[in-house]
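The residues making up each chain are set out below.
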Amino acid sequence: MTNQDENLDDIISSLIDVDEEETSPNKEEKQELTGEPVTLTQRASKQVKTIIEKEGLDDNLFLRVAVEGGGCSGLSYKLGLDYRTEDDVVFENYGVEVIVASKHLMYLEGIEIDYPDGLDARGFTFDNPNSVEDCGCGTSFSI
């Protein structure tokens, strides 16, 4: 092996050994949380209370707001009644406790959830200041 070949091997080796964590363009930067709460409007809070009462559900269930991959725009909102965990952040709105897993908070911080009650009402709606694109149905978004 000649000196040139050894130098070329060293150059290739140095390129391959580059720390991927330092140069990865897909590495997600940690988003700073602003401290904005997840809020329910008075109408949405009333609807959640109505659902819990009509179904005769356990008093230890809380409204969980979450996101999951999928939908037209990349992420979808999820609402459901669930038990609180140690990882949850809790927000109280008009007597309804809202729980959000801390890992979902970066997507949901500052969101307002409403429940319109007009002729064109379609259930819970989401006004998310973090979304850059929303789908037409209002249940999917992207950041």
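(A) Inspection of the confidence of the model for the chain at higher detail. Mean pLDDT for the chain: 75, with 64% of residues reaching 70 or above. Within the model, the stretch residues 15-31 combines pLDDT values under 50 with 5 contacts to residues more than four positions away or in other chains.

(B) Spotlight on helix 3 (residues 42-55). In a regular helix each residue adds 1.5 Å, so 14 residues correspond to 20 Å; helix 3 covers 20 Å between its end C-alpha atoms and thus fits that length. Looking only at helix 3, the buried set comprises A44, S45 and V48. Around the axis of helix 3, the buried residues are gathered within 105 degrees of arc, so they sit on the same side. Seen from the open side of helix 3, the exposed residues pointing more than 90 degrees away from its buried face are Q42, K46, E53 and K54. Buried positions along helix 3 lie against strand 1 (39-40), strand 2 (62-69), strand 4 (88-93), strand 5 (96-101) and strand 6 (112-114). Just downstream of helix 3, G56 is the residue with a positive phi angle, here 60 degrees.

(C) Examining the sheet that holds strand 7 (residues 125-127) more closely. Ordered in space as 1-6-7, the 3 strands form an open sheet in which the pairing is mixed. With one partner strand each, in any of the chains shown, strand 1 and strand 7 form the two edges of the open sheet.

(D) Fine view of the nonpolar core. Within the largest apolar cluster, 17 residues are counted, with the highest numbers of intra-cluster contacts made by V38, L40, V65, V98, V100 and L108. Broken down by secondary-structure element, the contributors of at least two residues to this core are helix 3, strand 2, strand 5 and helix 4 (105-108). L108 has contacts with V38, V65, A66, V67, Y77, V100 and N130, leaving out every residue within four places of it along the chain.

(E) Local environment of the packing of aromatic side chains. Applying the stated criterion to the full structure yields 2 aromatic pairs. Pairing Y77 with F126 gives two aromatic rings, centres 4.2 Å apart and planes at 15 degrees, and the pair type is stacked. Residue Y77 is found in strand 3 (residues 75-82), and its partner F126 is found in strand 7; the two are separated by 49 residues along the sequence. The buried category is assigned to F126, whose relative accessible area is 18%.

(F) Inspection of the environment of I52 at higher detail. Tracing the chain through its elements places I52 in helix 3. As a C-alpha pair, I52 and L63 span 11 residues in sequence and 9.8 Å in three-dimensional space. In contact with I52, other than residues within four places in its own chain, are L57 and L81.

(G) Looking closely at the environment of L63. As for its position among the elements, L63 is in strand 2. Each C-alpha atom, one on L63 and one on Y83, is 8.6 Å from the other, the two residues being 20 residues apart in sequence. Setting aside residues up to four positions removed in sequence, L63 forms contacts with L40, V48, L79, G80, L81, V96, E97, V98 and I99.

What counts, and where the lines are drawn
- Residues numbered from 1 in each chain as written.
- Predicted model: local features only at pLDDT ≥ 70, side-chain atom pairs only at ≥ 80, totals over all residues.
- Heavy atoms only, no water.
- pLDDT = per-residue confidence, 0-100.
- Contact = heavy atoms within 4.5 Å.
- Helix = DSSP H or I, 4+ residues; strand = E, 2+ residues; numbered from the N terminus.
- Expected span 1.5 Å × (residues − 1).
- Buried < 20%, exposed > 50% of the residue type's maximum accessible area, 1.4 Å probe, protein only.
- Arc of directions from axis to C-beta.
- Pairing = 2+ DSSP bridges.
- Core = buried A, V, L, I, M, F, W, Y, C linked by side-chain atoms within 4.5 Å.
- Phe/Tyr/Trp six-rings, centres within 6.5 Å; stacked < 30°, edge-to-face > 60°.

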